[in-house]
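# Notes for the structure review
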Amino acid sequence: MRVKNKVVIVTGAGAGIGAATAVRMAEEGAKVVVTDIDEKMAISVASGIGENALGLKLDVSKASEVEEVVSQTVAHFGSLDVLVNNAGFGILGTVVTTEEEDWDRLMDVDLKGVYLCAKYAIPEMIRSGGGSIVNLASTISVVGIPDRAAYVASKGGVAALTRAMALDHANSNIRVNSVAPGVIDSSYYEEMYKKVDDPVAFRKNLEARSPLNKMGEPVDIANMILFLASDESKFATGAMFTIDGGFTAG
Ligand SMILES: NC(=O)c1ccc[n+]([C@@H]2O[C@H](COP(=O)([O-])OP(=O)(O)OC[C@H]3O[C@@H](n4cnc5c(N)ncnc54)[C@H](O)[C@@H]3O)[C@@H](O)[C@H]2O)c1
């Protein structure tokens, strides 16, 4: 019961790391608002959890939807203690091959979404006496990889924004940290497998990024998010926590 009775919003929780996080939070006693741009997936994850979960549609790039979800959370569970800014996606492309509309859409979700959710969540956390925000950065917040220009830029921004938010809100007893996953086996890569010439080689290449020569599982990241949401991490703020099977050790 590491997060007993904490009220948690997880974005992009219809699949992958977000869904695993919602489940782990509930197993450890939290009340979880499972949100996703895909309402059916959010509701399905929430119903799998049971009465301590609420499934809601949320596109993190839309301020009005974010405001509404925060207010429904407080109306349903009484407060807001933890925000997990997990929603995000990646696209292939260099700055030359990335279309402007794809760049804008990615930034709107992966970077602006973090700003919008925090903007509406923080006043409620202040009312609850404090809270914890966990942002999904990436190993590519600190090392470049080829053919992912927009995504690399957005995750660099998430790591920097995490530090800025941690400083701005420490006085309100709000901790802000980021988690940097390496390659995690989730639906994140589905669109990429469809676009590359040789999906089998592409996957082998992803596995080889870890010295352990395998991808991580969503629950590997969910467990770190759980730690950062809980009071076990009460002295941690403004930091990035890497779980990458050793990718950035080399
Ligand atoms: N999988 C990896 O290897 C990896 C590595 C580093 C960082 N990350 C980050 O972790 C986070 C979760 O990734 P994942 O692997 O679980 O991906 P995923 O594709 O399995 O799940 C992402 C979820 O986000 C939702 N989503 C997409 N756009 C949204 C929007 N505008 N508003 C709300 N929800 C939206 C999708 O519907 C999906 O359910 C992302 O921020 C991703 O960038 C993933």
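This structure is a prediction, so every number in the text was calculated from the model and none was measured.

Moving on, we come to the nonpolar core. Ranked by size, the top nonpolar core spans 72 residues in total, and within it Val8, Ala22, Val32, Val34, Ala121 and Ile225 carry the most contacts. Ranked by the residues each element gives to this core, the list is headed by helix H5 (residues 112-128), at eight residues. Apart from residues no more than four positions distant in its own chain, Val8 is found in contact with Val3, Met25, Ala30, Lys31, Val32, Val33, Asp81, Val82, Val84 and Ala229.

Let us now look at the site of the ligand. The environment of the ligand is formed by 30 residues, the closest being Gly12, Gly16, Gly88, Ser186 and Tyr188. The element contributing the most residues to the shell around the ligand is helix H1 (residues 16-27), with three residues. In the shell around the ligand, the residues fall into 15 nonpolar, twelve polar and three charged.

The next point concerns the environment of Gly55. Mapped onto the secondary structure, Gly55 falls in strand E3 (residues 53-57). A residue is classified by how many C-beta atoms lie within 10 Å of it, and Gly55, with 23 of them, is buried. Placed 41 residues apart in sequence, Gly55 and Gly14 show a C-alpha to C-alpha distance of 9.0 Å. Setting aside its immediate chain neighbours within four residues, Gly55 contacts Val34, Ala42, Ile43, Val45, Ala46 and Ser47.

Bringing the pairing of strand E5 (residues 131-136) into the picture now. By the criterion of burial, E5 is predominantly enclosed, with six of the six residues buried. Burial along E5 is two-sided: the face carrying Gly131, Ile133 and Asn135 and the face carrying Ser132, Val134 and Leu136 are both buried. Examined bridge by bridge, strand E4 (residues 82-85) and E5 share four bridges and lie parallel to one another. If you follow Val84 over to E5, its bridge partner there is Val134. Sheet topology places E5 next to strand E6 (residues 174-181); six bridges connect them, and they run parallel. The residue of E6 that forms the bridge with Val134 is Asn177.

Cut-offs used in this document
- Residues numbered from 1 in each chain as written.
- Predicted model: local features only at pLDDT ≥ 70, side-chain atom pairs only at ≥ 80, totals over all residues.
- Core = buried A, V, L, I, M, F, W, Y, C linked by C-beta atoms within 7 Å.
- Buried ≥ 20, exposed ≤ 12 C-beta atoms within 10 Å, placed from the backbone.
- Helix = DSSP H or I, 4+ residues; strand = E, 2+ residues; numbered from the N terminus.
- Contact = placed C-beta atoms within 7 Å.
- Near = placed C-beta within 6 Å.
- Nonpolar A, V, L, I, M, F, W, Y, C, P; charged D, E, K, R; others polar.
- Pairing = 2+ DSSP bridges.

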